[in-house]
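Summary of the model geometry
Each chain, letter by letter, is given below.
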8 protein chains.
Amino acid sequence: MNAEAIKKLFQQVKSGDLTTDDAVQQLRHLPFEDLGFANVDHHRAVRVGMAEVIFGPGKRPDHMAKIFASLAKRGNNVLATRATEEQFRAVKKKFKKAEYNELARAVFLRQDNKIYGKGTIVVVSAGTSDIPVAEEAVVTAELMGNEVQHVFDVGVAGIHRLLARREVLMGARVLIVCAGMEGALPSVVGGLTSVPVIAVPTSVGYGAAFGGLAALLGMLNSCASNVTVVNIDNGFGAGYVASMINRL
Amino acid sequence: MNAEAIKKLFQQVKSGDLTTDDAVQQLRHLPFEDLGFANVDHHRAVRVGMAEVIFGPGKRPDHMAKIFASLAKRGNNVLATRATEEQFRAVKKKFKKAEYNELARAVFLRQDNKIYGKGTIVVVSAGTSDIPVAEEAVVTAELMGNEVQHVFDVGVAGIHRLLARREVLMGARVLIVCAGMEGALPSVVGGLTSVPVIAVPTSVGYGAAFGGLAALLGMLNSCASNVTVVNIDNGFGAGYVASMINRL
Amino acid sequence: MNAEAIKKLFQQVKSGDLTTDDAVQQLRHLPFEDLGFANVDHHRAVRVGMAEVIFGPGKRPDHMAKIFASLAKRGNNVLATRATEEQFRAVKKKFKKAEYNELARAVFLRQDNKIYGKGTIVVVSAGTSDIPVAEEAVVTAELMGNEVQHVFDVGVAGIHRLLARREVLMGARVLIVCAGMEGALPSVVGGLTSVPVIAVPTSVGYGAAFGGLAALLGMLNSCASNVTVVNIDNGFGAGYVASMINRL
Amino acid sequence: MNAEAIKKLFQQVKSGDLTTDDAVQQLRHLPFEDLGFANVDHHRAVRVGMAEVIFGPGKRPDHMAKIFASLAKRGNNVLATRATEEQFRAVKKKFKKAEYNELARAVFLRQDNKIYGKGTIVVVSAGTSDIPVAEEAVVTAELMGNEVQHVFDVGVAGIHRLLARREVLMGARVLIVCAGMEGALPSVVGGLTSVPVIAVPTSVGYGAAFGGLAALLGMLNSCASNVTVVNIDNGFGAGYVASMINRL
Amino acid sequence: MNAEAIKKLFQQVKSGDLTTDDAVQQLRHLPFEDLGFANVDHHRAVRVGMAEVIFGPGKRPDHMAKIFASLAKRGNNVLATRATEEQFRAVKKKFKKAEYNELARAVFLRQDNKIYGKGTIVVVSAGTSDIPVAEEAVVTAELMGNEVQHVFDVGVAGIHRLLARREVLMGARVLIVCAGMEGALPSVVGGLTSVPVIAVPTSVGYGAAFGGLAALLGMLNSCASNVTVVNIDNGFGAGYVASMINRL
Amino acid sequence: MNAEAIKKLFQQVKSGDLTTDDAVQQLRHLPFEDLGFANVDHHRAVRVGMAEVIFGPGKRPDHMAKIFASLAKRGNNVLATRATEEQFRAVKKKFKKAEYNELARAVFLRQDNKIYGKGTIVVVSAGTSDIPVAEEAVVTAELMGNEVQHVFDVGVAGIHRLLARREVLMGARVLIVCAGMEGALPSVVGGLTSVPVIAVPTSVGYGAAFGGLAALLGMLNSCASNVTVVNIDNGFGAGYVASMINRL
Amino acid sequence: MNAEAIKKLFQQVKSGDLTTDDAVQQLRHLPFEDLGFANVDHHRAVRVGMAEVIFGPGKRPDHMAKIFASLAKRGNNVLATRATEEQFRAVKKKFKKAEYNELARAVFLRQDNKIYGKGTIVVVSAGTSDIPVAEEAVVTAELMGNEVQHVFDVGVAGIHRLLARREVLMGARVLIVCAGMEGALPSVVGGLTSVPVIAVPTSVGYGAAFGGLAALLGMLNSCASNVTVVNIDNGFGAGYVASMINRL
Amino acid sequence: MNAEAIKKLFQQVKSGDLTTDDAVQQLRHLPFEDLGFANVDHHRAVRVGMAEVIFGPGKRPDHMAKIFASLAKRGNNVLATRATEEQFRAVKKKFKKAEYNELARAVFLRQDNKIYGKGTIVVVSAGTSDIPVAEEAVVTAELMGNEVQHVFDVGVAGIHRLLARREVLMGARVLIVCAGMEGALPSVVGGLTSVPVIAVPTSVGYGAAFGGLAALLGMLNSCASNVTVVNIDNGFGAGYVASMINRL
């Protein structure tokens, strides 16, 4: 409901180019289309800088492919997260260039290789088991037009490993830090750097890890003030918001 | 442990300006001083762009004043959060210009009025009870050198109120959204805008609000991808990280 | 234990048409029958306006079919929720007209097409993954004799989608709103309308969604006062109570 | 944003009675006013059938009185919930006829005595400790123009007490059932009646009652299908939604 | 360490029938034997009135059979709970008379048909899905020598069904009440009777039932004072303690 | 609704001693009276063997005294739990013989000194901080006509203290075991004895004791099969049900 | 029940120095005495190397003093934790040399200054608010005969502060690490050292710290394998077990 | 960053044996190598006394084998926990002497048979289902060079079984106690002994055991002061830290 567009409507009515009824109708006509099973939101590409991303779980492969196609025709990069190989095959049939990052469980189509981000996004992960989540962040940030670096296996119990990579950390414009278990890594990284840190708790761990709850609580209570948190295992969300920050 | 500084140490040793023992000593001498009851971290001003902020609860007024003074002498703005009036009075005795924002429970001293942020930070709060938390975010962001606007009482159950303030929201470079109860406001604001949204759950509510848990979980599960979350009632953290983003 | 019926008993005793022992016996004889494995409660059809609905999980297909038959012989519509295809086939053998709504996992037999509800029940769902729960609500409300409309994929992060369907919402006499993740949709819908809103948290989401807990807490803390809540994924309950309200 | 009103705007523009700029301005001008500390939402009286209710906690007595006055001038009934005696005295100064229900902690002003509800709302409470919550429901429902009856001290461990009041229950068009501890009363009442039951868990109990959590979970899992639930101790919400149903 | 036995030891030492070393040894020799993988506790038969019961999960079929045999040779009844069919077949090979109650998942061998209980234990279950847990209680109580009656499908939402069975309830010396979902049945049954009620929460339900937590909390907060609670799905424990009470 | 009483009603109707209308009326007239603020349930004395006990919290002293008087006039013992000294003084004014057990916070009036229990109830408490809860159990059991013994300060970390009191434990017909912190005592006591053990978790402890939750969970998971559990700090409930068992 | 002591008993019986009855009696006579309100366990001094420590909360000052005296007469050091000033004054009256550590809320009497520990116990605390808990650990360890060092204010967000104290850490034989908020410090310290680390979560923090739960879960999930955990705020327990380890 | 090594660097620079740039480089060169998918930390063998242990879950068999080989070449014992048979076979191919403890799910290679521990570590387990966790502790402690004894099936409900093994317990220098359900065993063992007790909660149990939460809370609240706790099912951690203590 952009003020200019509305003003133009009024002017068209005034000039007689449009009847009042048609104007009311147009006012209501927002730019989304109905595929019958999901409202694909092209408008968002304008509003938030990138086409809607598809959340894979529970979607039938053919539905997935149809939504994917609907999004792809605008020429943007398209991403489907937590996608199965079966969903990938359905997409692949329509788009020969579609790729599958098995680790990140991401299906994507790269149509736009331009770099929009102004600096580097560094993705840090604590243990080898956290890598799939970190990879999802990497894929997301790359598809949204960012330079991305991945520093892995630098958990806090071997602090010298992390310190050894300090120069890479210092080179980041935005940091994404993925950790399970006690989720302490974002606090340490946050203290070492002076840029925003997006913390991603992972469900890695057992027993009192309670599926990522321990890491989540740890990160929310971080004593480093530059840390904000996204949902457990939400590598996509971290990549998305880091990308948004990196475009500023 | 800046590489240049270390290199210089080696050069001084080589040139004989420094003995090896003194060099080892200097290498170890990090820039923090010991007040006897707390390590005040001046180094952080360099590292993260602003002097350490004082967390008020449990600190004796005279200790508070002493730490405050230690931080103030560098010429930066100084902030004590969740401070009592008694703590304020102890600070006030030493610093005539110290101010107290009663709503935000913040004691602060403004010594640097420069604007460092590149855009406006807009702080949005859902209900009147969320205002204290929002105010803490406002005070923090202002002291860190940002233009700040506060949009309040725009809860999601009266969506037209929020939509009426849409232009202000669209003008933000970073958004802070404070909400208690169901904590839904960040999702709606996140969907309306294309900049990073820092969500602050507040402990406002009763019964199944469980002291902010409901809002916290709601925000972590936001369907808007540009939302990240800080701890319950952590207006300071939101202001801090928003400020950091706004400097980029 | 209707007063009239009891009074009649006393009169029959007085007139000698009934011995006192038989009267005591009849007083105790309540209208339910024992199938050996479950008390089928025909009485409820009288009391609460519709025959007992069968909860599918854990029931053997043949038991399911037997209970179904016992309920069907009265001529009412019969509904089995969360039913498997195998259970459906067992029912189908006895009732050729029995249908299976795969999405809602509902087996039902339509024997009564009368509309009892006085207005339209509108079922709103936030994301495509919430549709199965919403469908259960739709099926239930339709079988109980209501006009039902389904508005789907109108999550709060794209508020314009919801606003574009506002006229449909305004036409509802009762609203059912299904949402997972942060569960914010009922608050927004509740604020836009002036009729009762039955909120259904769904188990859609991951991580800190904790199987629907986040959405549940969000809905219980709704700042819209016309919202009440049913159990997680309880589309049936929502359809049932909405139907009851719509008959008033 | 009523279609008729918008259409009229277009017509005024067409006829030259309004400039396009003024039209855009009017389109944006929604009917709420800014008191400086809270957006009072008169519009809601139109939308949801009654003026905004004031949530007392944390409001300064003079602010409370000012908001109260702003709402009262329309001639509707006004209600402030969880209000203190001090807040009441501030209101009383401006409105001689304002009343205070100490049990329900409710301040209210009755300006409209019309009955809008079509039947009786029966409020049932389990133990004597649940009465304050039940009273809040009673006051709310009465102020919104309903006939209300209160059945109290009929907990499930003495089922004959409840059965003895069955005729009152059967006479209800909507039921509100308040219970703490195990929260079982709504299930029993729901099974006895064929109208909607709004269940209100109360924080009555100790130990594993966990401040109303036990009752809340019990009610959400009610085996009676006509039960919906509101937040712990939310007598107001129950009265509000029951009133809304009773007006249908 | 019975005083008489110890006294006898001392006397044997005194009389020279036993060396002091042998006495110390005997003092230490407690009546359990080591099977290599589990200490089978025959002593308990003396102490608590029945041989140790075998908890099935995780035991290899051959181990199960071996433990079973070790217990059976004393002539008592033997019970293995939560046993698989495979475990049953291993036992069956050794004991032709061993039986399997599929519903209760119980393997048992009846060697002693005497009735030890002084009255009837009545096992009540709320819904058809609670029957397996109730059956475990029935089997346990029967094997421990009690008359047992089972009243099923009498949930609180159809209170007349329960009242119709009141005479059976009144005939109990001890009651076991199994219920899932809101777990309200023990409160109602407890209020109707004047004997101890053992409440067994079951994991029946979904969503906010949280695997029996809702029922558990409900029962712990029962407003009926004659209710005590055992673990979720612990039909065995209920049958065991009811049996113990019934022998008093 | 005793069958005999009902039969008599029918006979009176038959003989003309009663009109049918009066009979219906009498059928409905259950033996409880309405004090205006609470239904005092004298009927329960018949049903469950003792007059209703008063739960003190939140009751005004004068209300408390009035309810107390209503219960006392039947000649039974009367007990008010969790009562304040102020409530006690109000009762004391009416009943000179009323006593106050400060530790147990119990007000009581002893009018009936008969022993109804058939054996001894032994109340065991783990630490000195658990004594108030244990005392409540003692007072309750004594007032209900039982011989009671109290074994205190025998926590599991000093197992020899408990073993030293073993003879007392062995002499119990029913055991009540109160423990906070890890709540392990009932398991050990349960293993040593062959009578029912009522476990009472107390809120004693700090940190991860979570107000008695740790003890509660420990007791529910007891590996001793003769253990059942009541609510946290519910000494009254334990005393009540132990008394009921002891009368069998 | 030392084997030698028992053997001696048998020998005395054999030699006629002891009657069998007296022997049974002596066997039962364990070395604790009954003060009427608490079993003071002198035996423990032998068994676990130090007299029983008094847990202050809820104890009347005179009881405290009496228990204190009972323990002091053996000549050991005596410690009362979480003691109030009032309790201290009661002790002080009897023991002029009793001291009060206000920060740690500990009352103690030093009668034995010997060092039993073989190395140094280093107590590390993350923030200034964690100091009281750390102090309790320090006092406990010192009273139990250890050299203790306290490194404070070295939270993980300023990792250089910790690294600057590394030499002290490396000099420890046992480490105690106290931290609230995200509780990450034990993981980092654990990784830096090769001795046992006792982690103490503190209740420092707010919001999602949930009274120390976040720190507790973090520590339990530590990726450093030399970390074990005690209860929230349990500085005493940490000091106690560290002392025990240091004596090995 | 050993001071000596650094000093030597400075001396080499001074003597001209090293350029300043090379010195800076060497300073940064920490002793870990990059395998491409995981940082194997040989340095830890020096720091914490044993090579890094491999956490099996989620690792591809070939990756596992590669990491295993990297660790094995130093001549230390190597351990992979929670390893699958498939992972074992991959390791076995490279190391003929690699063994698999099926119960403990541990793959290990024994290259160093020296005993480093100064006493015996005794591992106690409560029930037969706790044995796998206990076995993991046993394997870990043995591989780290300790004498280990395992006392099993000595749950607290049969306290005489435990007391019968008291001499073994008294012989321990460190104790590991594994228990599920109520987790009471460490408290009892802790009270009987005067050495450190590492408590391991296991996920054994059902219902309100909540996957080991009940045992975990029980152990954290142990009334025995010599008890510390590790994560649920963390037999490895217990073995590791016990080993570390035993080397002191």
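That block above? That's the structure.
None of these values were measured; they are calculated from a predicted model.

1. Examining the interface of chain B and chain A
- Residue-level contacts link 30 residues of chain B with 30 residues of chain A.
- The contact between chain B and chain A buries some 2,700 Å² in all, and 63% of this surface belongs to carbon and sulfur atoms.
- At the boundary of chain B and chain A, one finds 0 salt bridges.
- Linking chain B with chain A are 4 residue pairs in polar contact (both at pLDDT 80 or more), by the criterion used here.
- Looking at the side of chain B that touches chain A, the elements that each hand over two or more residues are α3 (43–48), α9 (185–192), α10 (213–220), β11 (227–229) and α11 (235–247) of chain B.
- No other element matches the 6 residues that α11 of chain B contributes to the side of chain B that touches chain A.

2. Some points on the relation of the copies chain B and chain A
- With an axial shift of 0.0 Å and an RMSD of 0.1 Å, the rotation relating chain B to chain A amounts to 180 degrees. Taken together, the rotation and translation relating the two chain copies correspond to the operation of a two-fold axis. The position closest to the rotation axis in chain B is occupied by the C-alpha of Val229 of chain B, lying 2.4 Å away.
- Both copies contact each other with a shared surface, as 100% of the interface residues of chain B are interface residues in chain A too.

3. Topic: unusual backbone geometry
- Phi angles above zero are rare outside glycine, and Arg82 of chain A is one such case at about 50 degrees.
- Along the chain, the position of Arg82 of chain A falls in the loop between β4 (78–81) and α5 (85–94).
- A relative accessible area of 14% means that Arg82 of chain A is categorised as buried.
- Despite not being glycine, Arg105 of chain F shows a phi value in the positive range, around 50 degrees.
- Mapped onto the secondary structure, Arg105 of chain F falls in the loop between β5 (99–101) and β6 (106–109).
- Exposure remark for Arg105 of chain F: the relative accessible area of 41% places this residue in the partly exposed category.

4. A look at the relation of the copies chain G and chain H
- Structural alignment of chain G on chain H gives an RMSD of 0.2 Å, achieved by rotating through 180 degrees and translating 0.1 Å along the axis.
- The share of interface residues of chain G whose copies in chain H are also at the interface is 100%, consistent with both copies meeting through the same surface.

5. Quick notes on the sheet that holds strand β3 (residues 54–55) of chain C
All names here are of chain C.
- One open sheet holds the 4 strands; their spatial order is β3-β4-β6-β5, and the pairing between them is mixed. At either margin of the open sheet sits one strand with a lone partner, and together these are β3 and β5 (99–101).
- With 3 bridges joining them, strand β4 (residues 78–81) and strand β6 (residues 106–109) adopt antiparallel strand pairing. When the bridges of β6 are listed, Leu79 appears paired with Phe108.
- Across the face of the sheet, helix α4 (residues 61–72) comes into contact with β3, β4 and β6 while running at roughly 150 degrees to β4.

6. Here we look at the side chain of Asn221 of chain C
- Tracing the backbone shows Asn221 of chain C in the loop between α10 (213–220) and β11 (227–229).
- When neighbours within four sequence positions are excluded, Asn221 of chain C is seen to be in contact with Met181, Glu182, Tyr206, Ala208, Ala209 and Ala214 of chain B together with Asn231 of chain D.

7. Thoughts on the interface of chain G and chain H
- On the side of chain H, 30 residues touch chain G, which itself brings 30 residues to the contact.
- Taken together, the two surfaces of chain G and chain H that pack against each other cover about 2,700 Å², and 63% of this comes from carbon and sulfur.
- Summed over the shared surface of chain G and chain H, the result is 4 residue pairs in polar contact (both at pLDDT 80 or more).
- Among the elements of the structure, α3 (43–48), α9 (185–192), α10 (213–220), β11 (227–229) and α11 (235–247) of chain G are those that each provide at least two residues to the side of chain G that touches chain H.
- Here the residues of the side of chain G that touches chain H sort into 17 nonpolar, 10 polar and 3 charged.

Reading guide: rules and limits
Residues numbered from 1 in each chain as written. Chains lettered and ligands numbered in written order. Predicted model: local features only at pLDDT ≥ 70, side-chain atom pairs only at ≥ 80, totals over all residues. Heavy atoms only, no water. Contact = heavy atoms within 4.5 Å. Buried area = accessible area lost by both parts, 1.4 Å probe. Salt bridge = Lys/Arg side-chain N within 4 Å of Asp/Glu carboxyl O. Polar contact = N/O pair within 3.5 Å; in protein donor to acceptor, adjacent residues only side chain to side chain. Helix = DSSP H or I, 4+ residues; strand = E, 2+ residues; numbered from the N terminus. Least-squares fit on C-alpha atoms with pLDDT ≥ 70 in both. Buried < 20%, exposed > 50% of the residue type's maximum accessible area, 1.4 Å probe, protein only. Pairing = 2+ DSSP bridges. Axes fitted to C-alpha atoms, helices over the stretch in contact; angles between N-to-C directions. Nonpolar A, V, L, I, M, F, W, Y, C, P; charged D, E, K, R; others polar.

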